[in-house]
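Each chain, written out:
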Amino acid sequence: METALNIARITLSIICILAVIASKIKLGNWWIRVFDFPRIQLLSLAFIAMVLFFIPPLKFHAWNLALLALVIISFIFQAKKIYPYTILAKKEVKRFRGTDRENGISMLVSNVLTPNRQANKLIDLVKSYQPNLVLTLESDKWWEKQLETLEKEFPHQVKIPLDNLYGMHLYSNLPLENTKVHYLVKDDIPSIHSEVVLPSGKKVQIHCVHPEPPSPTESDTSVPRDAELLIVGKNVKEADMPVLVFGDLNDVAWSRTTRLFQKISGLLDPRKGRGFYNTFHADHNLLRWPLDHIFHSKHFQLKKIKRLPSISSDHFPIFIHLILNPGNGQEDQKEKLEKDEKNWTKETIADANPNMLTI
């Protein structure tokens, strides 16, 4: 029993310590960046490891005390990363009280998982929540055919059916203007950029993205993903109208890249102070984190945000209802970048796309 406890203590401690070290390494290798994702789980492991140090018959020799100290540091490190997304933290986006149909905009974002054949589940959610915009990711020709039933209610569409897990379809019951499809980093990974006209006549700039994740099966490095997010961030920071950026970012809200994206763009995250809204992985209760995001400029207030039921994909859909209310007293998150952040941004974009597009 004592041997088993020692092995468990040491193993969990090493995992927690390595996770912190990996987080401090500014390299894009997938096997380093993977530690950005499970911070909730790593926090739990650090807590378990700390508890194990106080189960007898542990003798507190110097090396045990040193190891415990490092585990406590790792616990604090992970807690600080995820704290802004807990209900204990300050809300970044104000709640809108009342109704305003003229300036409201709602979105349903869903990574459908290409081989998934339960399109009826998504269609039922669309009918139930009645969003203004529906964005599907990983949608191919089969999904496009199934979603034709939405076209009567959503007469404005952008269709990019692909078989490479990066297909994208946008359905809108509000007019779309100046719509463009860009391939910001790779020739087979699209993004949609448009303007939505609200019932009030006011316009909102939207950017729908689904960058490539760092993983052994897709990209050995996070550079393509990081570059796409940073390109979008740099292009929207000087926007002269309200902005929305949404999609499956294949990155978590607390990662260095997403935090830098917010810092550059000035966009707000309505989840801060409200919860994680973990959308991936739908099939594993203990391995979930927020991959699907909706960021917006300071002009909006939050009416509703909700993670929706499973549609048999590996992602849960997410729904959000925002109200355009420019005089709400909110401040954007645009901050002056540190020198190393500027350099890293330039290098990352140059490595992935030497000729950055203006979107």
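Residues numbered from 1 in each chain as written. Predicted model: local features only at pLDDT ≥ 70, side-chain atom pairs only at ≥ 80, totals over all residues. Heavy atoms only, no water.

**Q** What exactly am I supposed to notice about the overall build of the chain here?
**A** Helix and strand content of the chain: 9 helices and 11 strands. In terms of C-alpha radius of gyration, the chain reaches 22 Å, essentially the compact-globule figure of 21 Å for 359 residues. When its C-alpha atoms are laid out on the principal axes, the chain stretches across 70 × 45 × 45 Å. Counting only residues that meet the buried cut, the chain has 56% of its 359 residues in that class. Only carbon and sulfur atoms are counted for the fraction: they give 56% of the accessible area of the chain, which is about 16,300 Å². Distance between charge centres in the chain, computed from 45 positive and 38 negative side chains, equals 8 Å. (Helix = DSSP H or I, 4+ residues; strand = E, 2+ residues; numbered from the N terminus. Rg over C-alpha atoms; globule rule 2.2 N^0.38 Å. Buried < 20%, exposed > 50% of the residue type's maximum accessible area, 1.4 Å probe, protein only. Areas by Shrake-Rupley, 256 points an atom, 1.4 Å probe, with all protein chains shown as cover. Lys, Arg positive; Asp, Glu negative; His and termini not counted. Charge placed at Lys NZ, Arg CZ, Asp CG, Glu CD.)

**Q** Which parts of the structure should I look at to understand the side chain of T257?
**A** Position of T257 among the secondary structure elements: in helix α8 (residues 256–265). Leave out the neighbours within four places in its chain, and T257 touches R225, D226, L229, L230, D251 and W344. (Contact = heavy atoms within 4.5 Å.)

**Q** Which parts of the structure should I look at to understand the layout of surface pockets?
**A** To find the voids left in a structure, one rolls a probe of water-molecule size over its atoms. Roughly 680 Å³ of internal volume is contained in the largest pocket. Going through the elements one at a time, α1 (2–24), α4 (62–82), α7 (223–236), α8 and α9 (339–352) are the ones with two or more residues in the lining of the largest pocket. Looking at the second largest pocket, its volume works out to about 400 Å³. Lining the second largest pocket are 22 residues, with P213, E218, N250, F280 and L291 positioned closest to its centre. Partitioning the lining of the second largest pocket into residue classes produces 13 nonpolar, 5 polar and 4 charged. (1 Å grid on protein atoms, 1.4 Å probe; cavity = no way out; pocket = protein on both sides within 12 Å on 5 of 7 lines; lining within 4 Å. Points joined across faces, edges and corners; volume = space filled by probe spheres on them. Nonpolar A, V, L, I, M, F, W, Y, C, P; charged D, E, K, R; others polar.)

**Q** Can you help me understand the packing of α7 against α8 in this one?
**A** Angle between the axes and distance between the axes: these two values describe a pair of packed helices. Close contact between α7 and α8 brings their axes to 8 Å; oriented N to C, the two are set at 15°. The angle between the axes of α7 and α8 places the two elements in the roughly parallel class. Read as a crossing pair, α7 and α8 show a hand that is right-handed. Residues R225, D226, L229, L230, V232, G233, K234 and V236 of α7 form the contact with α8, whose participating residues are T257, T258, L260, F261, I264 and S265. Grouping the amino acids of the contact of α7 with α8 by side-chain chemistry returns 7 nonpolar, 4 polar and 3 charged. (Axes fitted to C-alpha atoms, helices over the stretch in contact; angles between N-to-C directions. Parallel < 35°, antiparallel > 145°, perpendicular 65-115°, else oblique. Left-handed = near helix turned anticlockwise from the far one by under 90°.)

**Q** Just checking my understanding: could you explain the nonpolar core for this structure?
**A** With 30 residues, the main nonpolar core has L170, I206, L244 and F246 as its most contacted residues. Examining the composition of this core, we find that 4 residues originate from one element, strand β11 (residues 318–324), more than from any other. Setting aside chain neighbours within four positions, we find L170 in contact with L133, V134, L135, H156, Q157, V158, L176, I192, I206 and C208. Counting residues in each nonpolar core, the second largest holds 21 residues, with L229, L230, V243 and I349 among its members. (Core = buried A, V, L, I, M, F, W, Y, C linked by side-chain atoms within 4.5 Å.)

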